[in-house]
Amino acid sequence: ALLGASALAHIVLAERTGGQAGPDLAAARARLMQEARIAPRNPYLWTQLAAIELADGAPAARVGELLAHSFALGPNAVAAWPARVAIGFRIWAEAPDDLRARILAEALRMWRKSGDRNWDRRNMQQRLARLAMDAGLTDMVTRALAETPEDLARWTYLLGEEAARL
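Residues numbered from 1 in each chain as written. Predicted model: local features only at pLDDT ≥ 70, side-chain atom pairs only at ≥ 80, totals over all residues. Heavy atoms only, no water.

Between its first and last C-alpha atoms helix α9 (residues 149–165) spans 25 Å; for 17 residues at 1.5 Å apiece the expected length is 24 Å, and the two agree. Regarding α9, the residues found buried are D151, W155, L158, L159, E161 and E162. An end-on view of α9 places all buried positions within 165 degrees of arc, on one side of the element. Exposed and oriented more than 90 degrees from the buried face of α9 are P149, E150 and A164. Buried residues belonging to α9 abut α6 (97–112), α7 (121–135) and α8 (138–145). (Helix = DSSP H or I, 4+ residues; strand = E, 2+ residues; numbered from the N terminus. Expected span 1.5 Å × (residues − 1). Buried < 20%, exposed > 50% of the residue type's maximum accessible area, 1.4 Å probe, protein only. Arc of directions from axis to C-beta. Contact = heavy atoms within 4.5 Å.)

The biggest cluster of nonpolar side chains holds 46 residues, and the ones touching the most others in it are F89, L128 and W155. Those elements that place two or more of their residues in this core are α2 (23–38), α3 (43–55), α4 (60–73), α5 (81–91), α6, α7, α8 and α9. Broken down by element, this core gets its largest block of residues, eight residues, from α3. Ignoring anything within four residues of it in the chain, the contact list for L128 reads V85, F89, A107, M110, W111 and W155. (Core = buried A, V, L, I, M, F, W, Y, C linked by side-chain atoms within 4.5 Å.)

Glancing now at the side chain of Q125. Residue position: Q125 is located in helix α7. In terms of polar contacts, Q125 uses its side chain to reach the side chain of R154, at 3.1 Å. (Polar contact = N/O pair within 3.5 Å; in protein donor to acceptor, adjacent residues only side chain to side chain.)

This part is about the side chain of T47. Secondary-structure assignment places T47 in helix α3. Among the polar contacts made by the side chain of T47, one reaches the side chain of S70 at a distance of 2.6 Å.

As a further point, take the pattern of salt bridges. With the rule as written, the count across this model stands at nine salt bridges. Note that R62 is salt-bridged to E65, the shortest N-O span being 4.0 Å. Here R62 pairs with E65, and both are found in helix α4, just three residues apart, close to one helical turn. A salt bridge links R165 to E162, with the shortest nitrogen-to-oxygen separation between them at 2.8 Å. Taken as a pair, R165 and E162 lie in helix α9 at a separation of three residues, close to a single helical turn. Residues joined in a network through salt bridges with shared partners are R122, R130, E161, E162 and R165. (Salt bridge = Lys/Arg side-chain N within 4 Å of Asp/Glu carboxyl O.)

Okay, here's the thing in structure tokens:
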């Protein structure tokens, strides 16, 4: 699959080098731009490009454009959900309201998705809790989950569990 640890690893690489794009980011961007010419309707590819741009310190507006394009091309691209939420949470403060709505909807799909052979619901819920904590967005997710007492109780439990790991 195009979406994997490699694109998000570039974010980590950039964070460790003070946000400076190294040859790895440049090569990854060039490869993805070439692939975009071949398969322009691939939502995973646009998610990876958003990750590369974020890692390279691109303005939130640019990252948001790529993320919005991924949402438009693959609203049900399950494998892209965690990465899109991670990227979206990173640009949340500068994202326009319509993109925020898409990011939050994606986060809620991560939360509610039933388990299947490739999806560990507990793992995804824990991952969402970590992403929200890292981004300082736990209150926003809490408000969104407050409609269902079971979801709210589970969310509160996971936040406590994640906080205990810190």
